[in-house]
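# Structural overview
Below are the chains, spelled out letter by letter.
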Amino acid sequence: MIAVATVQAVRYRRTRDYPEYKKRRVKEIEELLRKYKYVVLVNITGVTALVLHETRDVLRRRGSVLKVIKNTLARIAIDRVKDEKPGIEKLKDYLKGQNAAIFTNENPFEIYLFLNKHKVSREARPGDIATSDIVIPKGNTGIPPGPVISLFNKVGVPTTIREGSIFVMKDTVVAKAGDVISQELAELLQKLGMKPIETSIEPRAAYLDGRVVSGDELKIDIDSYRNMLVDAHRSALNLAFNAAIPVPETISLVVAKAHIEALALAVNAGIVTRETAPYVLAKAHAVAQALLERIKSVKPEIAG
């Protein structure tokens, strides 16, 4: 108890000694943690201001708040609300590197799907990994001839000069998905005004329903789950049909199957009804015809 009190006292003194703007920031995070049901911690290392701005704007329209946070201040805010939100202190284990927090009342799994879908295009930088094939299209670049021609040559883009501008002679793939962007290519793409790198914010962890889950646990393969549901529905439908379970999805199929089986049984038993008469007569005719053919083969004189 003495050790705990000592730690709390040290934390209090540290907070008390913080500049006013840091105290306000801690208070802001604390209030957001109390106001919103969930919090998603996201990694913003290497994320540009443009990506953060656009993501923040879209999240705001969904009723969520994205805030860039300082790890030390966030830990203090978490300690202040941990009694009200049991389990949230485990979020501190993920406060490493550069982070932002999304405060939301939406299910964190939906937030992950949104972040994964909402990708922002930005300029390529040296060392970036191409997220898809990068193609410099055929046509007039609008760039006057000069030293920039050497950049086109270095990345293998055929050019000529037309109407006082550099003209790309054909669509040229300058990088395939997974390739590392070179200094020359990044510079050329910037001069062309191209933004070929698609990026999104990656979740580190989320607090929901009294527990903290890792970013990997938030990742849902929608296509895989959809296929699983389709297979499960198909198997259940097949089982219900074969077991003759009369539910709305199978009733028409079960009745049709029963009708066919009853008709076949009546025909084989020679039961004449309005429905079976054509089949019974056809079957009798076929049997009689087969018998006649057999007799003819035994006593050829009958054929005469």
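As a starting point, this report considers the structure included with it. Note that the structure is predicted; figures quoted are calculated from it, not measured.

Moving on: the nonpolar core. Core analysis: the largest hydrophobic core is formed by 23 residues, its most contacted members being Leu33, Val39, Ile69, Ile88, Leu91 and Phe103. Every element with two or more residues in this core is listed here: helix H2 (20-35), strand S1 (38-43), helix H4 (71-81), strand S3 (99-104) and strand S11 (202-208). The element that contributes the greatest number of residues to this core is H4, accounting for six residues. The contacts of Phe103, once residues within four sequence positions are left out, are Ile29, Leu32, Leu33, Tyr36, Tyr38, Val39, Ser64, Val65 and Lys67. By size, the runner-up hydrophobic cluster in this structure holds 22 residues, among which are Val42, Val51, Val120 and Val213.

Our focus in this paragraph is the side chain of Thr172. Assignment of secondary structure puts Thr172 in strand S9 (residues 172-175). The exposure class assigned to Thr172 is buried, which follows from its relative accessible area of 8%. Here Lys170 takes part through its backbone oxygen, which lies 2.9 Å from a polar atom of the side chain of Thr172. If we ignore the near neighbours within four places in the chain, the residues touching Thr172 are Ile134, Val135, Ile136, Gly156, Val157 and Pro158.

A word on the pairing of S11. Burial analysis of S11 places five of its seven residues in the buried class, the great majority of the element. The pairing of S1 with S11 spans five bridges and is antiparallel. The partner of Val42 across the bridge, within S11, is Pro203. Of the pairings in the sheet, the one linking S11 to strand S12 (residues 211-214) comprises four bridges and is antiparallel in character. If you follow Leu208 over to S12, its bridge partner there is Arg211. A loop of two residues connects S11 with S12, the two strands running antiparallel in sequence, and Asp209 in this loop sits at a positive phi of about 50°.

For the rest of this paragraph, the subject is the sheet that holds strand S8 (residues 165-168). Spatially, the three strands line up as an open sheet ordered S6-S8-S7, and their pairing is antiparallel. With one partner strand each, in any of the chains shown, strand S6 (139-140) and strand S7 (159-162) form the two edges of the open sheet. Note: S7 against S8, four bridges, orientation antiparallel. Pairing of Thr159 across the sheet is with Val168, part of S8.

So, about the sheet that holds S1. Taken in spatial order, the five strands of this open sheet run S2-S3-S1-S11-S12, and their pairing is antiparallel. The two strands at the open ends of the sheet, each matched to only one other strand, are strand S2 (65-69) and S12. Along the sheet, successive strands turn relative to each other by an average axial angle of 20°, direction set aside. Sheet topology places S2 next to S3; five bridges connect them, and they run antiparallel. Bridge assignment links Val68 to a residue of S3, and that residue is Ala100.

Attention now moves to helix H3 (residues 49-61). The first and last C-alpha atoms of H3 sit 19 Å apart over 13 residues, in line with the 18 Å expected at 1.5 Å per residue. Restricting attention to buried positions, one finds in H3 the residues Val51, Leu52, Thr55, Val58 and Leu59. Buried residues of H3, seen end-on, are gathered within an arc of 140° and therefore sit on one face of the element. In this structure, H3 carries Ala49, His53, Arg60 and Arg61 as exposed residues pointing more than 90 degrees from its buried face. Those residues of H3 that are buried lie in contact with S2, S3, helix H5 (108-117), strand S4 (120-122) and strand S10 (197-199). One or two steps after H3, the chain reaches Gly63, where phi turns positive at roughly 85°.

Although it is not a glycine, Glu163 sits at a positive phi angle of roughly 50°. Within the secondary structure, Glu163 is located in the loop between S7 and S8.

Criteria and cut-off values
Residues numbered from 1 in each chain as written. Predicted model: local features only at pLDDT ≥ 70, side-chain atom pairs only at ≥ 80, totals over all residues. Heavy atoms only, no water. Core = buried A, V, L, I, M, F, W, Y, C linked by side-chain atoms within 4.5 Å. Buried < 20%, exposed > 50% of the residue type's maximum accessible area, 1.4 Å probe, protein only. Helix = DSSP H or I, 4+ residues; strand = E, 2+ residues; numbered from the N terminus. Contact = heavy atoms within 4.5 Å. Polar contact = N/O pair within 3.5 Å; in protein donor to acceptor, adjacent residues only side chain to side chain. Pairing = 2+ DSSP bridges. Axes fitted to C-alpha atoms, helices over the stretch in contact; angles between N-to-C directions. Expected span 1.5 Å × (residues − 1). Arc of directions from axis to C-beta.

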